[in-house]
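What the coordinates show
Here are the chains, one letter per residue:
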Amino acid sequence: MNRPILSATRFSLAPMEGVVDATMRRILTSIAGVDECVTEFLRVTNTTYPEKVFRRICPELANDCRTDSGTPVTLQILGGDPDAMARNALKAVTLGATKIDVNFGCPAKTVNRSDGGAIILREPERVLNILARLRAELPTSVPLSAKMRLGYEDKTLMLENALAAQSAGICKLTIHGRTKREGYKPPADWYSIKQISDLLDIPVVPNGDITSVESFTRCREIVAADEYMVGRGLLANPGLINEIRGFDALSWQQFLPHLFDFQESEMEFGERRHQGNRIKQWLAYLKQHYQEADGFFDEVKRMTNPDDILRAIDTEIVRMGRTAF
Ligand SMILES: Cc1cc2nc3c(=O)[nH]c(=O)nc-3n(C[C@H](O)[C@H](O)[C@H](O)COP(=O)(O)O)c2cc1C
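Cut-offs and rules
- Residue indices begin from 1 for each chain and proceed along its sequence in written order.
- At least 70 in pLDDT is required for a residue's local features to be given in this predicted model, at least 80 for side-chain atom pairs to be given and counted, and no such filter applies to totals for whole chains, interfaces and linings, which use all residues.
- Note that the side-chain values use all heavy atoms of the structure and ignore hydrogens as well as water.
- Aromatic pairs are defined between Phe, Tyr and Trp rings, using the six-membered ring for Trp, whenever the two ring centres lie within 6.5 Å; interplanar angles under 30 degrees are classed as stacked, those over 60 as edge-to-face, and all others as tilted.
- A helix here means a DSSP run of H or I that spans at least four residues, while a strand means a run of E at least two residues long, and both kinds are numbered starting from the N terminus.
- The rule is simple: take the accessible area with a 1.4 Å probe, protein chains only, and divide by the maximum for that residue type; under 20% is buried, over 50% is exposed, in between is partly exposed.
- Criterion for a charge above a ring: Arg CZ or Lys NZ at most 6 Å from the ring centre, at most 35 degrees from the ring normal.
- It only takes one pair of heavy atoms within 4.5 Å for two residues to be counted as in contact.

What follows concerns the packing of aromatic side chains. Counted according to the given criterion, the structure contains 9 aromatic pairs. Ring centres of W252 and Y290 lie 5.4 Å apart, and the angle between their planes is 50°; on these two criteria the pair is classed as tilted. Placement of W252 in helix α11 (residues 252-266) and of Y290 in the loop between α12 (277-286) and α13 (291-300) is noted, with a sequence separation of 38 residues between them. Assessed through its relative accessible area of 4%, Y290 is described here as buried. Feature note: the residues W252, F255, F262, W282, Y290 and F296 constitute an aromatic cluster, connected by ring pairs. Above the ring of Y152, the side-chain terminus of R122 is found at 5.0 Å from the ring centroid.

Structure (structure tokens):
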């Protein structure tokens, strides 16, 4: 395929609570093409968490905050109390966190009720206070970024929130092009992200609904940026960033060993009866892109024994190998 390779454009893997954990980050970054990734959020209330909590959310702390393939991992925190946020962020840094991101996007009721995530977007001065406090407390060597939606109920405060974040001294702002109210309803509003990007001096990272080379191209036509963030599109097609960069697509056959690796890793911890849940969750994304994943999902969805699932992947690898010759 004759597409220009976008070597200067950077891509980050979107944080996804309950989905993009350390195992998923390791595997997706090993497939390559991702320049940055972010942990699931650490929800900060008024306590300072013990070390084990930071290590659970970000096992990469033990690895210079990088995945095995060397991709930097940013630790994400969420909360409404600047003091507690600063205390926990500083602790994360003493444990080895190299970058901190603040989540102003989470729409979950439980999170918003306890004063964190998208609800803060109703009051831009709180965005400023939280980020300015963090910036003042963290060593200057630690980049501080934020990720936000376009608003809570509506978009009326989107520019104010973005300006507040910028004036707090953050290094970049990722925008998921929806309000909290819109949930995940398509389409993401890339035009509003452009408005924000035109206004700010710091880099703005567009996010939302980049699921294919075509949707990326459309997004880039609307909002030109140095970096884009991709979430569900990368779960469905782990080769997407490489495809965007002009490389060949990742076939189901090429991908299967990664699925085997994932299931093997899942079987290293947790309760046995849960060790097949996450691969089913991932297959539900994969079947949006890979036709072959559809039939395979049907085959494994009723399996409760994690060893059976591992064997099924092995059989699928052999079967696909035979099909190829
Ligand atoms: C299951 C799920 C969990 C998510 N968890 C987080 C999170 O922990 N932190 C965050 O900032 N955004 C979170 N998001 C939002 C994504 O990072 C991203 O903004 C959103 O999915 C839109 O991007 P996409 O269309 O590329 O997936 C989550 C989204 C989903 C679907």
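Cis geometry marks the peptide bond from P186 to P187, where omega comes out at 0°. Looking at where P187 falls in the secondary structure, it is placed in the loop between β6 (172-179) and α7 (190-199). A positive phi angle, close to 60°, is found at D64, a residue other than glycine. Position of D64 relative to the elements: it lies in the loop between α2 (51-57) and β3 (73-78). Of the residues examined, D64 reaches a relative accessible area of 51% and is grouped as exposed.

Looking now at helix α6 (residues 158-167). Every buried residue of α6 is listed here: M158, N161, A162, A164, A165 and Q166. Looking at the buried positions of α6, the neighbouring elements they touch are α5 (124-137), β5 (144-151), β6 and α7. Residue G169 follows α6 closely and has a positive phi angle near 95°.

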